[in-house]
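Examination of the molecular architecture
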Amino acid sequence: MYVILGASGHTGSIIADFLLSNGKKVRVVGRDPGRLERFVRNGAGAFTANMSDAPLLAKALGGARAAYLMLPPVASREDQERQSDAIAKAVKESGLCYAVHLSSFGAHVPEGTGPIAGLHSSEQKLNAIRGLNVLHLRAGYFMENNLAAIVMIHQMGIFAGALPPDLKLPMIATRDIGDYAAKRLLDLDFSGSQTRELLGERDLSLAEVTAVIGRGIGKPDLRYEQFPFDQVQQVLTQMGLPPKTAAVYIEMYKAISAGVVAAQEPRSPENSTPTSFEEFVQEVLAPAYHEKASTE
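The rules behind each value
- Residues numbered from 1 in each chain as written.
- Predicted model: local features only at pLDDT ≥ 70, side-chain atom pairs only at ≥ 80, totals over all residues.
- Heavy atoms only, no water.
- Pairing = 2+ DSSP bridges.
- Helix = DSSP H or I, 4+ residues; strand = E, 2+ residues; numbered from the N terminus.
- Buried < 20%, exposed > 50% of the residue type's maximum accessible area, 1.4 Å probe, protein only.
- Core = buried A, V, L, I, M, F, W, Y, C linked by side-chain atoms within 4.5 Å.
- Contact = heavy atoms within 4.5 Å.
- Axes fitted to C-alpha atoms, helices over the stretch in contact; angles between N-to-C directions.

As for the sheet that holds strand 7 (residues 141-142)
As summarised here, the arrangement of the three strands in space is 7-9-11, forming an open sheet in which the pairing is mixed. The open sheet has two edge strands, strand 7 and strand 11 (202-204), and neither has a second partner. Where strand 7 and strand 9 (residues 169-172) come together, two bridges link them in parallel fashion. Bridging across to strand 9, Phe142 finds its partner in Ile172.

Quick notes on the pairing of strand 6 (residues 133-139)
In terms of residue burial, strand 6 counts as a mostly covered element, since seven of its seven residues are buried. Sheet topology places strand 5 (residues 98-104) next to strand 6; seven bridges connect them, and they run parallel. Note that in strand 6 the partner of Tyr98 across the bridge is Asn133. Taken together, the six bridges between strand 6 and strand 10 (residues 193-198) define a ladder with parallel strand orientation. Residue Leu135 lies in a different strand from strand 10, and its bridge partner there is Gln194.

Here's the deal with the nonpolar core
In this structure, Leu163, Val209, Ile213 and Phe277 are the most contacted members of the largest nonpolar core, which totals 41 residues. Secondary structure elements with two or more residues in this core: helix 6 (149-156), strand 8 (159-161), strand 9, helix 8 (206-216), helix 9 (229-238), helix 10 (243-257) and helix 11 (277-294). With near-sequence residues (within four places) excluded, Ile213 lies in contact with Asn146, Ile153, Phe159, Leu222, Phe277, Val281 and Leu285. In terms of nonpolar packing, the next biggest core, distinct from the first, is built from 30 residues, Leu19, Ala44, Ala182 and Phe190 among them.

Thoughts on the sheet that holds strand 5
With respect to topology, seven strands assemble into an open sheet ordered 3-2-1-4-5-6-10, the strand pairing being parallel. At either end of the open sheet lies a strand with only one pairing partner, and these are strand 3 (45-48) and strand 10. Averaged over neighbouring strand pairs, the angle between their axes works out to 20° when direction is ignored. Running over the sheet, helix 1 (residues 10-21) touches strand 1 (2-5), strand 2 (26-30), strand 4 (66-69) and strand 5 and is turned about 160° from strand 1.

Remember, this is a structural readout, not a statement about activity or role.
Right under this line is the structure:
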């Protein structure tokens, strides 16, 4: 039995589909039963649980040999600690033997990195569980983060953000994280506590990212503009993020800009993944951009 937390998300859905297609027994876990229904139609069991409910999560993990563990999108650092406490407690109580845990590049740093510090804490809690073999996937900057720029490009004609234009980032498509995690769950070829960075196809600066997006959506003159941190924080709250959540993201952007959050492994065939940013723009971002344009 495999249990997938966050099964309807970008990475969890890839893992659930892969394991089901390989004839494995799968239990999908999420907060919205409606979003789990498609996995049930393909033979999965479903379990509705909040990620801070340790007793329910322990039930969801009951009888499983391996699980995919992840924290929900960050609301606050306090919420992250509650969720990672609940997940670790549930793992311990259920007697789970193997886990692949979604973490982030920069999770070696204990504090001052926004939501990434919460993943450091989650790693430590799982490492402390006797008998658990856990693989922490320290993934790079999600290509999907750039989808947030679509509205800005439509409304302002630019791509703006808090990060410097020339800072190179390991940028990865979430489907590649899902593919990698699924294969490791299938093989269960890890023991003790291990980490693996996943660095995407290549490192890219936001100036390069903007150029690729511009070509992909038919706006070759699109430019990237760096905004001050306080201005970005203001924009995030105007977009509806609670002030606490916006502050956590700003802390992360500052840590990335300062080079505190950075890959620790040299790039290699083992930690590089296949999807290029050009492919991502062609297959995901450009269609989303044009769909947005057609509804306005």
